[in-house]
Amino acid sequence: MAAAPPSYCFVAFPPCSKDGLVVFGKNSARPRDEVQEVVYFAAAEHDPGSKVECTYIEIEQVPKTHAVVLSRPSWLWGAEMGANEHGVCVANEAVVTREPASESEALLGMDLVRLGLERGATAKEALDVIVALLEEHGQGGNYYEDGSSCHTFQSAFLIVDRNEAWILETSGKYWAAEKITEGVKCICNQLSLTTKIDAEHPELRNYVKSQGWWNGDSDFNFSEVFSLADDHLACCSGRESLEKQGGDVSAQAMIDVLRDKDSGVCVDSESFLTTASIVSVLPQDPSFPCIHYFTGTPDPSRSIFKPFIFVDDVKLVPKVQSPSFGNDDPAKKIPRFQEKPDRRHELYKAHEWARSLLENDQDKGQKLMRIMLDLEKQGLEAMEDILSRTEILDPAEVVDLFYDCVDTELKFFK
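Cut-offs applied
Residues numbered from 1 in each chain as written. Predicted model: local features only at pLDDT ≥ 70, side-chain atom pairs only at ≥ 80, totals over all residues. Heavy atoms only, no water. Phe/Tyr/Trp six-rings, centres within 6.5 Å; stacked < 30°, edge-to-face > 60°. Buried < 20%, exposed > 50% of the residue type's maximum accessible area, 1.4 Å probe, protein only. Helix = DSSP H or I, 4+ residues; strand = E, 2+ residues; numbered from the N terminus. Lys NZ or Arg CZ within 6 Å of the ring centre and 35° of its normal. Contact = heavy atoms within 4.5 Å. Expected span 1.5 Å × (residues − 1). Salt bridge = Lys/Arg side-chain N within 4 Å of Asp/Glu carboxyl O. Pairing = 2+ DSSP bridges. Axes fitted to C-alpha atoms, helices over the stretch in contact; angles between N-to-C directions.

1. Re the packing of aromatic side chains
Considering all chains together, one arrives at 13 aromatic pairs under this definition. Ring geometry for Trp214 and Phe220: centres 5.0 Å apart, planes at 75°, overall edge-to-face. For Phe220, a relative accessible area of 5% gives the class buried. Relative to Phe402, the ring of Phe294 has its centre 6.2 Å away and its plane inclined at 70°; by these criteria the two rings are edge-to-face. Taken together, the residues Phe294 in strand E17 (residues 291–294) and Phe402 in helix H9 (residues 401–413) connect sequence positions 108 residues apart. A connected cluster of aromatic rings, assembled from ring pairs, spans Tyr40, Phe294, Phe308, Phe310 and Phe402. In this structure, Lys124 is placed above the aromatic ring of Trp166, and the distance from its NZ or CZ to the ring centre is 5.9 Å.

2. Thoughts on the side chain of Thr274
Following the sequence through the fold, Thr274 ends up in strand E16 (residues 272–283). Residues in contact with Thr274, not counting those within four places in the same chain, are Asn27, Ser28, Ala29, Val265, Cys266, Val267, Pro298, Asp299 and Pro300.

3. Some details on H9
Along its 13 residues, H9 runs 19 Å from first to last C-alpha, staying within 8% of the 18 Å computed at 1.5 Å per residue. All of the buried residues in H9 are Leu401, Phe402, Tyr403, Cys405, Val406, Asp407, Glu409, Leu410 and Phe413. Where H9 is buried, its residues meet strand E3 (36–41), E17, strand E18 (306–308), helix H7 (346–360) and helix H8 (362–388).

4. Details of the environment of Pro283
As for its placement among the helices and strands, Pro283 is situated in strand E16. Distance from Pro283 to Lys18, taken between C-alpha atoms, is 9.9 Å for residues 265 residues apart in sequence. When neighbours within four sequence positions are excluded, Pro283 is seen to be in contact with Gly20, Leu21, Arg162, Phe288, Pro289, Cys290 and Leu387.

5. Let's talk about the pattern of salt bridges
With the rule as written, the count across this model stands at 30 salt bridges. Notably, a salt bridge pairs Arg114 with Glu118, separated by 2.9 Å at the nearest N-O pair. Of this pair, Arg114 and Glu118 both sit in helix H1 (residues 109–119), 4 residues apart, roughly one helical turn. Judged on exposure class, the residue Arg114 and its partner Glu118 are both buried. Between Arg343 and Glu145 there is a salt bridge; the shortest N-O distance is 2.8 Å. Residue Arg343 is located in the loop between E18 and H7, and its partner Glu145 is located in the loop between helix H2 (123–137) and strand E11 (154–160); the two are separated by 198 residues in the primary sequence. You'll find Arg343 and Glu145 in the same group, each marked buried. Several salt bridges converge on common partners, so that one network encompasses Lys26, Arg30, Glu34 and Glu80.

6. Brief notes about the sheet that holds strand E1 (residues 8–12)
Within the open sheet, the 6 strands sit side by side as E14-E1-E2-E16-E17-E18. Their pairing is antiparallel. Of all the strands in the sheet, just strand E14 (184–187) and E18 have a single pairing partner and so form its edges. Neighbouring strand axes in the sheet, compared pairwise and without regard to direction, differ in orientation by 15° on average. In this structure, E16 lies alongside E17, joined through 4 bridges in antiparallel fashion.

Right, dumping it as structure tokens:
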């Protein structure tokens, strides 16, 4: 059974986080050559009876979908991580359980991330959406753009809003969830729920009893019941780094953890690379905007985090969007993935050049990295200023925010 890619997701709540903020972060570990894009979809209303085409299957559309910003592998419909206009953030993890994941095409964990964001105005609503769709459509299909082999996994999710978070772990259509309102939590590519379960599939315990995985007499421990051997042991070294911050977990502290290669949180191995990252800052006071920082490029230790704020008529950023191949896309043709088109967007190509400079000309590379980190610092400080103001944010001030940051980054690369 293939190992799940070692991604990491974090959330920090007050009093561990700074200034009454909820801080969310994820490193998305994926196959090394996979391109992630950052895409925005405005809120929309849909005709009764309309359908939505997900990565592999078509499902019923809902009357209204929320505005979302997503970081996603550019060959699929869903997302590895993202946020919506109501301050909900969702990220997923591929996990392996004792129940083999289905190769039959259904919803991918990444599809469920996007569906939860488009349909849930709170973390709990997003959770309810995801588990209802799991029950109706199931999960399955190839997690990678690979025509030679089918890589299948079960899914875990970290679902966060301004007030609470839910850790949702699944195996097939069965699931359990834990509610979080304080402290620091991390999930990775192993199951983590134990005996503290705040919501679950109504038939979960009967099902595992019928499989002979639990006798009904001992405490019900989700990870022990569903994990292979000792796969449920603690895996989140980055959590300790955040806990050491005391009450000072900030966007910068989360970025530092995501950049840490020594701890293994920033993945750079023979098979996998952190292909994109996100950090979100969610003020518990709803009069302040949520701020979402995306890299849009691989390896956060060599990328910069650029801010995005939801406002009406936000400017689209084609330079972090991959080319579209429409119905000719090998991901949409049956059999799938017989070719691999060039999905690199403009920022990705510029970043490739910068990475080669860092590797081949250390002096120039380090100088460029210092300039980029200074650019990132300016963005972080500008966002801190927005969160410290007493007056309401003028949307015109940030409608071009992400566009301008990407544009400035490209100019420095050139």
